[in-house]
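What follows is each chain in one-letter form.
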Amino acid sequence: MIPFVREFDFAYGRRDQVSPLIQRVIANNPGPFTFTGTGTYIVGRNEADAGVAVIDPGPPDEAHLQALMMAVEGRRVTHVLVTHTHRDHAPLARPFAEGVGAPILSMKPPVRQTHASGGLDEDEDEAFVPDTVLMGGERISGDGWTLSALATPGHASNHMAFALEDENALFCGDHVMGWSTTVVAPPDGDMADYMASLDRVIEAGFDTLWPTHGAPVTHPEPFLAAYRAHRQEREAQVVARLAAGDRTIAEMVPALYAAVDQRLWPAASLSVWAHLIKLVMEGRAFSDGEPTLAATYAGA
């Protein structure tokens, strides 16, 4: 079982000091994919005129924009970092960056694609354009802090995590979440990439993970081991459904996610699809043509 953490102290719009170098302000956009809402992080010293970085400004919400402006008042924002371009993370980046006079850094936005889900909070902010494109490996420094960019594709093809070297902590965006497993939604999400990225995070040995949604993961080693095992177990369950005679994703989801809120079944369908794409790529399953959401599948 994954040791999820779903209880933590917060209030919308409040600036909380959550570590010596990290403050957090949470947007009022709760939902089945955002949990309590988008957590925007401010990295740096809480001192007058100190240079700080802001990670994931969040959705287009005027109240959250004002809360962020108040949270950084008296300090200099030197960088606005975006983990990925989903619309609960990226839309507020440009208004906030213009308000504080700082550049936006992120990976290159993906080729625009429409989710077969009919629209999730995981869809793209199609207007987003960074000022500086990150590739992974860059180091970004400020007053008493250094962040390094760690490419973590899978949840999104352009997902970038940021390691705070001074605290051996990782701002992991949606790559790992303390309250839930992560949605991996084709066509932009990729399960093979996700598993490879997860292994890189495990190997790095961080002391703390700071997801954009929910509480921090303060014991990453057992948490990530369980997170990885869950994905492997889900893949085995998909293989078992194929062996049992299921041929479509629509047949598999009610069996695999019977205990899950049905509002999440569209996202669950995308996750099953991601597993099937990986299985087809590895020669462990077959599809009638391209492995699409509506395809018919069979076990190898």
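For the structure, see preceding data.
The structure contained in this document is the topic of the report that follows. (Residues numbered from 1 in each chain as written. Predicted model: local features only at pLDDT ≥ 70, side-chain atom pairs only at ≥ 80, totals over all residues. Heavy atoms only, no water.)

## A word on the nonpolar core
(1) Moving on: Membership of the largest hydrophobic core comes to 26 residues, with the highest contact counts inside it found for Leu 170, Val 176, Tyr 194, Leu 209 and Tyr 227.
(2) Moving on: Among the secondary structure elements, those contributing two or more residues to this core are strand S10 (160-164), strand S11 (169-173), helix H3 (191-204) and helix H4 (220-244).
(3) Moving on: When residues in this core are grouped by element, the largest group, five residues, is from H3.
(4) Moving on: In contact with Val 176, not counting residues within four places along its chain, are Thr 182, Leu 198, Leu 209, Pro 211, Phe 223, Leu 224 and Tyr 227. (Core = buried A, V, L, I, M, F, W, Y, C linked by side-chain atoms within 4.5 Å. Buried < 20%, exposed > 50% of the residue type's maximum accessible area, 1.4 Å probe, protein only. Helix = DSSP H or I, 4+ residues; strand = E, 2+ residues; numbered from the N terminus. Contact = heavy atoms within 4.5 Å.)

## Quick notes on the pairing of strand S12 (residues 208-211)
(1) Moving on: Because side chains alternate across S12, one face comprises the buried residues Thr 208 and Trp 210, and the other comprises Leu 209 and Pro 211, equally buried.
(2) Moving on: As defined by bridge partners, S11 adjoins S12 across four bridges and the pair is classed as parallel. The residue bridging Gly 173 from the neighbouring strand is Pro 211, located in S12.
(3) Moving on: A crossover links S11 with its parallel partner S12, the connecting element being H3, and its sense is right-handed. (Pairing = 2+ DSSP bridges. Right-handed = clockwise from strand over helix to strand, strands pointing away.)

## Some details on the sheet that holds strand S6 (residues 104-106)
(1) Moving on: Taking strand neighbours across the sheet as the criterion, the seven strands line up as S1-S2-S3-S4-S5-S6-S7 in an open arrangement whose pairing is mixed. Each edge of the sheet is formed by a strand with only one pairing partner; in this case those strands are strand S1 (16-19) and strand S7 (132-133).
(2) Moving on: Bridge analysis of S1 against strand S2 (residues 22-26) gives three bridges, and the strand direction is antiparallel. The partner of Ser 19 across the bridge, within S2, is Ile 22.
(3) Moving on: Helix H1 (residues 62-71) rests against S2 and strand S3 (39-43) of the sheet, and its axis sits at about 160 degrees to S2.
(4) Moving on: Its contacts with the sheet put helix H2 (residues 93-100) on strand S4 (51-55), strand S5 (76-81) and S6, and the angle it makes with S5 is roughly 160 degrees. (Axes fitted to C-alpha atoms, helices over the stretch in contact; angles between N-to-C directions.)

## Some thoughts on the packing of aromatic side chains
(1) Moving on: The full count for this structure, using the stated rule, is eight aromatic pairs.
(2) Moving on: Three or more aromatic residues link up through ring pairs in this structure, and these residues are Phe 8, Phe 10, Tyr 12, Phe 35 and Trp 179.
(3) Moving on: Above the ring of Tyr 194, the side-chain terminus of Arg 231 is found at 5.1 Å from the ring centroid.
(4) Moving on: One Lys or Arg, Arg 234, reaches over the ring of Tyr 257 and ends 4.2 Å from the middle of that ring. (Phe/Tyr/Trp six-rings, centres within 6.5 Å; stacked < 30°, edge-to-face > 60°. Lys NZ or Arg CZ within 6 Å of the ring centre and 35° of its normal.)

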